[in-house]
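Working through the structure, step by step
Residue-level listing of the chains:
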Amino acid sequence: MADLLPIRRALLSLSDKGRLEELVDALTRNGVEIVSTGGTAAKIRDYGAVVRDVSDLTGFPEMMDGRVKTLHPKVHGGLLAVRDNPEHAGAMAEHDIGAIDLVIVNLYPFAQTVAKGASRDEIIENIDIGGPSMVRSAAKNHAFVAIVTDPEDYPELIAALDSGGTDLAFRKCLAAKAYAQTAAYDSMIASWFAFADQGQLFPPQLSFAMYREEELRYGENPHQKAAFYAPAGPSAKGIGQARQVQGKELSYNNYNDADAALELIAEFHDADPTCVIIKHANPCGVATAATLAHAYEAAFQCDSVSAFGGIVAVNRPLDSATAEAITSIFTEVVVAPDADDGALALFAAKKNLRLLLTGELPNPTRPGLTAKSIAGGWLLQSRDNGRILSSDLQVATRRAPTEAETRDLLFAWTVAKHVKSNAIVYARDGATAGIGAGQMNRRDSARIAAAKAREAAETFGWGKPRTIGSAVASDAFFPFADGLLAVVEAGATAVIQPGGSMHDAEVIAAADDAGLAMVFTGMRHFRH
């Protein structure tokens, strides 16, 4: 078998004909016979090139609304024949099967059809059968056949045509891409059948179709490798689809932290101006105020030490006043729906700051799955899209919360949902006063959050920490009264927690003794 193989006959079947003319020009000037299917053949003739219909090659017309046109021995025999195998060569001669040296295929636009909200019948009709069959046949026989499924490979293909043929290394690369393409395509179809058509949350078999968007400098640590992949097919917009206006390329940790910031700020998509500051995927300050600049100031004051080098997200287009405040300290990434010209000019002076504009914020109640790899497999679960309204709250103590306390309780609860467990969040007047995250017991989280509030009071010259008179959220129940007593000691007046502990009565009694209002949600928000 020779390494460099000339192209004498090519079969083209393209749903995306955007770059067809350059292909036809290259094939024609190199004397390649072009065979094609219906719409592609008509377009080739529009360019004035000679093309042979696949029906002429097979001796059968395209039929059944185009479902059957390339599923024929004269196509697949021409693709699969091992050219230096005497038996294969004999079969080709006996049945008048000509070799096909090149296949260029775009599969039917299944994902795009689903994304536009097409009917079930239209979606089914956009499941390609002949295309993937040709792709797989050509890829299997890459020793003799080149299979092109990615338009990004057209320039290298054209260069190969002009140089006399394709070499084995190129054909192997094309074959690997081709199988990845059909695997992703089948995965999208299987996912649609399972989730959209059959309503199965956890089907018996599950595969993910992902496309590499970017190789990253390294992972969480410099000795780890990393890349960013985006899902194939229709998906919700997120950090991966945000427009990066400026700054260095995003690192693994930038992506992770920016995603945490976006998911939390999305909870406030219809709220007053809100700012979130994230550090190591945990909120270190969140606030809602009359303006974004005031919201940033209040969020920053919650934990000004952790805010250094953090990720900032806002729920409104950025203005110059907010941009000026954000750029007054070192900030890694800023995430916003948009930014005005004044804000863009201020950020431009900070060359290393990454500015990501997302457009519309994602819907925090959207369905979906999250995945975590473990040794020997994966854990999948539905997204934590649970929300609590004031009407859902169950008053557990003698005293019910005031209207102002209820607002702060729900605010703190929303933030706690995005804090690593065990999570305690103090909030007052629409701003976090202290956040305790990721501790092995809830009491320590409460104490750490209170200590941060005391430090903030000292830093900014307040007479007392903002935990005095605050509302407190706990992402899970207090197993004993000690955690509740810690928030009482910090000066909190109201508590929101799921309830459900064996020691609820003890905790409620402690709250009543302290004069606290406590409400149960019946919902937990563990985040590990």
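The sections below set out a description of the structure shown in this document. (Residues numbered from 1 in each chain as written. Predicted model: local features only at pLDDT ≥ 70, side-chain atom pairs only at ≥ 80, totals over all residues. Heavy atoms only, no water.)

1. Thoughts on the nonpolar core
We count it as follows: Joining through side-chain atoms within 4.5 Å is the link that ties buried Ala, Val, Leu, Ile, Met, Phe, Trp, Tyr and Cys residues into a set, and such a set is a nonpolar core. Any residue under 20% of the maximum accessible area for its type is buried, any over 50% is exposed, and the rest in between are partly exposed; the area is computed with a 1.4 Å probe on protein chains only. Comment: elements are numbered from the N terminus, with helices defined as DSSP H or I runs of at least four residues and strands as E runs of at least two. Between two residues, a contact is recorded if the distance between any of their heavy atoms is within 4.5 Å.
In terms of nonpolar packing, the biggest core is built from 57 residues, with L102 and I104 touching the most fellow members. For this core, the element with the most residues is helix α10 (residues 168–197), which contributes nine residues. Discounting residues that sit within four places of it in the chain, I104 has contacts with L11, L12, S13, L14, L23, V148, Y154 and L157. Among the nonpolar cores identified, the runner-up in size contains 46 residues, and A230, V286, V419 and A471 belong to it.

2. Some points on the packing of helix α18 (residues 481–489) against helix α19 (residues 504–514)
Helix-helix packing is described using two parameters, namely the angle between the two axes and the distance between the axes. The cut-off we apply is this: Under this scheme, a helix contributes an axis fitted over its contacting stretch, all axes are lines through C-alpha atoms, and angles between N-to-C directions fall in the 0 to 180 degree range. Angle categories are assigned with fixed cut-offs, so that under 35 degrees is roughly parallel, over 145 is roughly antiparallel, 65 to 115 is roughly perpendicular, and the rest are oblique. Whether a crossing is left-handed or right-handed is set by the direction in which the near helix is turned from the far one by less than a right angle, anticlockwise for left-handed and clockwise for right-handed. Side-chain classes are defined by residue name, with Ala, Val, Leu, Ile, Met, Phe, Trp, Tyr, Cys and Pro counting as nonpolar, Asp, Glu, Lys and Arg as charged, and the others, Gly among them, as polar.
Contact pair α18 / α19: the axes reach a minimum separation of 9 Å and the direction vectors enclose 20°. Here α18 is positioned roughly parallel relative to α19, judged by the angle of their axes. Note on packing geometry: the crossing formed by α18 with α19 is right-handed. Residues A481, L484, L485 and V488 of α18 form the contact with α19, whose own contacting residues are E506, V507, A510, A511 and A514. Class assignment for the residues of the contact of α18 with α19 results in eight nonpolar, no polar and one charged.

3. Concerning the packing of aromatic side chains
Our working rule: For Phe, Tyr and Trp, rings pair up if their centres lie within 6.5 Å, where Trp contributes its six-membered ring, and each pair is then called stacked (planes under 30 degrees apart), edge-to-face (over 60) or tilted (otherwise). Over a ring means this: the NZ of a Lys or the CZ of an Arg is within 6 Å of the ring centre and within 35 degrees of the ring normal.
Evaluation of the coordinates by the stated rule reveals nine aromatic pairs. A centroid spacing of 4.8 Å and a plane angle of 15° characterise the contact between F228 and Y255, whose relative ring orientation is stacked. With F228 in strand β7 (residues 226–231) and Y255 in helix α11 (residues 252–266), the pair connects residues that are 27 residues apart, well separated along the chain. A single burial state applies to F228 and to Y255, both of which are buried. Pairing Y296 with F300 gives two aromatic rings, centres 6.0 Å apart and planes at 20°, and the pair type is stacked. You can see Y296 and its partner F300 sitting in helix α12 (residues 292–302), four residues apart, about one turn around the helix. Clustering of aromatic rings is evident, with ring pairs tying together F110, Y185, W192 and F193. Over the aromatic face of W462 sits the side chain of R466, whose NZ or CZ is 3.8 Å from the ring centroid.

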